[in-house]
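Listed below are the residues making up each chain.
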Amino acid sequence: MVDLGSIFKAYDVRGVIPDTFNADIARAIGAAFARVVAASSVVVSHDMRPSSPELAHAFADGVTSQGVDVVFAGLGSTDLLYYGSGALDMPGAMFTASHNPAEYNGIKMCRAGAAPISDESGLDDIRRLAEESLNGAGIPAHDGPKGTVSEKDLLAGYAEYLRDLVDLSGSRPLKAVVDAGNGMGGHTVPAVLSDLPLEIVPLYFELDGTFPNHPANPLDPDNLVDLQAKVRETGADIGLAFDGDADRCFVIDERGEPVPPSAVTALVAVQELKREPGATIIHNLITSAAVPEIVTEHGGEPVRTRVGHSFIKATMAESGAIFGGEHSAHYYFRDFWRADTGMLAAMHVLRVLGADQRPLSRITEEYSRYAASGEINSKVDDAPGRMAAVREAFVGRDGVTVDELDGLSVTLPEGAWFNLRASNTEPLLRLNVEAADDTEVARLRDEVLDIVRA
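Residues numbered from 1 in each chain as written. Predicted model: local features only at pLDDT ≥ 70, side-chain atom pairs only at ≥ 80, totals over all residues. Heavy atoms only, no water.

(A) Summary view of the overall build of the protein chain. Within the protein chain, the regular secondary structure consists of 14 helices and 23 strands. For 454 residues, the compact-globule formula gives about 22 Å, and the C-alpha radius of gyration of the protein chain, at 22 Å, lands near that figure. Dimensions of the protein chain along its principal axes, counting C-alpha atoms only, are 65 × 55 × 45 Å. Sequence separation of at least 24 residues holds for 69% of the intrachain contacts in the protein chain that already meet a minimum separation of 6. Surface summary for the protein chain: the accessible area is close to 17700 Å², and the carbon and sulfur share equals 48%. The protein chain carries 38 positive and 68 negative side-chain charges, and their two centres are separated by 1 Å. (Helix = DSSP H or I, 4+ residues; strand = E, 2+ residues; numbered from the N terminus. Rg over C-alpha atoms; globule rule 2.2 N^0.38 Å. Contact = heavy atoms within 4.5 Å. Areas by Shrake-Rupley, 256 points an atom, 1.4 Å probe, with all protein chains shown as cover. Lys, Arg positive; Asp, Glu negative; His and termini not counted. Charge placed at Lys NZ, Arg CZ, Asp CG, Glu CD.)

The structure is reproduced here in structure tokens:
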């Protein structure tokens, strides 16, 4: 019996090629997707991984078997797929495993207008129907002709749309080192950032899904080393690092130092609030406490939410928020169908830098108010038990507040806080700590880890 539970995650599909994910599975998922979204057309794109074209075409075959047409967009970033879903007003599927190693691939799916699909909004139904098909029960036969496949290049329209949202033409001349990590940024950056007062110094723009230079995961500091060195070597004003499917962007200042994603969230929020005073800004519960402080100081309404794009997008839709940011460098824009786009966030930072004579480090220091641990993973056998032990150690202390919106969040009376969450896919607990200074971060970090790892 085929069980797809191991590759269907909370928001997407992710598996190892060909052991847990292959063309037959992609075809079955395509047919199931067509049934669940009940649309007349679906837009499909894929990244540069060697397995992606075959999987994308198999998925398209499954979709057309149900009488649904496919607009095949070919190579693209995940935010390019979201652009296609929004601009064409049709559901979409992007074949990528984002920052995962080369042996992985997956699918990010959305409804029309780039609306998210999660377990609660159709992903579980897609899994069930695909499993039934693979196990011989079959998806109900389509009574009518097959759908058609047409090809459409979305890159030029995507670039034009972003450039209409953020005008960089009046910027002072800047030099930017961009590390695409052999991922899709090498495809989209030239289209979006060409013909501007911007000198691009490219790193690893060659599309290569085997990732010969370093993993396309800028969340790992080891993968930023080359970019940092090149920024210092060339005297660049800024460095930008994209992940494999280019939906996330990390920022490096002129010293070669990383700009925390929370500082980027605050910076972009301030720009959006200038455009729409009083607007709502979403931040997840692991972003710095500086984010809601700065949003409030600039007249905005901060709204705290769980980690994960489906929660961010749902909360944005409910609240009418103009922008949202996560600690993982996912940035969401109302005017981009509430979808995440690293490129648009990078353009906002470039516009701020291009309108200011100060270096980026000086600009962003006002948005970085606290010390943070970064995410610390601990492998545990009993995640619920360890979480309960940490809760027991802190609840009831004077001035301590506890909430469980997403994992365990504990705030101490002096303002230091930590969040402890279980991984959705691995036997890990993830810890994030923030405090006034590095000494307090280390003290609180060690106290929690002593309990987690006991």
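(B) Region of the structure containing the packing of helix H5 (residues 155–165) against helix H11 (residues 342–354). Where H5 contacts H11, the axes come no closer than 10 Å and their chain directions differ by 40°. Here H5 is positioned oblique relative to H11, judged by the angle of their axes. Between H5 and H11 lies a crossing of right-handed hand. The segment H5 lies against H11, with Tyr158, Leu162, Arg163 and Leu165 engaging Met343, Leu344, Met347 and Arg351. The class makeup of the residues in the contact of H5 with H11 is six nonpolar, no polar and two charged. (Axes fitted to C-alpha atoms, helices over the stretch in contact; angles between N-to-C directions. Parallel < 35°, antiparallel > 145°, perpendicular 65-115°, else oblique. Left-handed = near helix turned anticlockwise from the far one by under 90°. Nonpolar A, V, L, I, M, F, W, Y, C, P; charged D, E, K, R; others polar.)

(C) Expanded view of the sheet that holds strand S8 (residues 174–179). Strand order in the open sheet formed by five strands is S9-S8-S10-S11-S12, and the pairing between neighbours is mixed. Strand pairing shows two members of the sheet lacking a second neighbour, strand S9 (198–203) and strand S12 (258–259), which therefore form its edges. With four bridges joining them, S8 and strand S10 (residues 238–242) adopt parallel strand pairing. What sits directly across from Val178, in S10, is Leu240. (Pairing = 2+ DSSP bridges.)

(D) Here's a closer look at the pairing of strand S21 (residues 408–411). With three bridges joining them, strand S20 (residues 401–403) and S21 adopt antiparallel strand pairing. What sits directly across from Asp403, in S21, is Ser409. Turn length for the S20-S21 hairpin, with the two strands adjacent in sequence and antiparallel, is four residues, and the turn residue Gly407 shows positive phi of about 75°.

(E) The arrangement of the packing of aromatic side chains in detail. Per the counting criterion, the structure on display carries 11 aromatic pairs. Between the aromatic rings of Tyr161 and Trp337, the centroid separation amounts to 4.9 Å while the plane-to-plane angle is 20°, which identifies the pairing as stacked. Linking Tyr161 in helix H5 with Trp337 in the loop between strand S16 (331–333) and strand S17 (339–340), this pair joins segments that are 176 residues apart in sequence. For Tyr161, a relative accessible area of 25% corresponds to the partly exposed category. A centroid spacing of 5.0 Å and a plane angle of 50° characterise the contact between Phe323 and Phe333, whose relative ring orientation is tilted. Placement of Phe323 in strand S15 (residues 323–325) and of Phe333 in strand S16 is noted, with a sequence separation of 10 residues between them. Classification of Phe323 by relative accessible area gives buried; the value is 0%. Note on Phe333: relative accessible area 1%, which makes it buried. (Phe/Tyr/Trp six-rings, centres within 6.5 Å; stacked < 30°, edge-to-face > 60°. Buried < 20%, exposed > 50% of the residue type's maximum accessible area, 1.4 Å probe, protein only.)

(F) The arrangement of the environment of Tyr161 in detail. Measuring from C-alpha to C-alpha, the distance between Tyr161 and Tyr83 comes to 8.5 Å, with 78 residues separating the pair along the chain. With residues up to four places along the chain from it excluded, the contact list for Tyr161 reads Tyr83, Asp335, Phe336 and Trp337.

(G) Representation of the environment of Ser45. By secondary structure assignment, the location of Ser45 is in strand S2 (residues 41–46). Exposure remark for Ser45: the relative accessible area of 0% places this residue in the buried category. For the pair Ser45 and Pro18, spaced 27 residues apart in sequence, the C-alpha separation works out to 20 Å. Polar side-chain contacts of Ser45 include one of 3.4 Å to the backbone nitrogen of Gly76. (Polar contact = N/O pair within 3.5 Å; in protein donor to acceptor, adjacent residues only side chain to side chain.)

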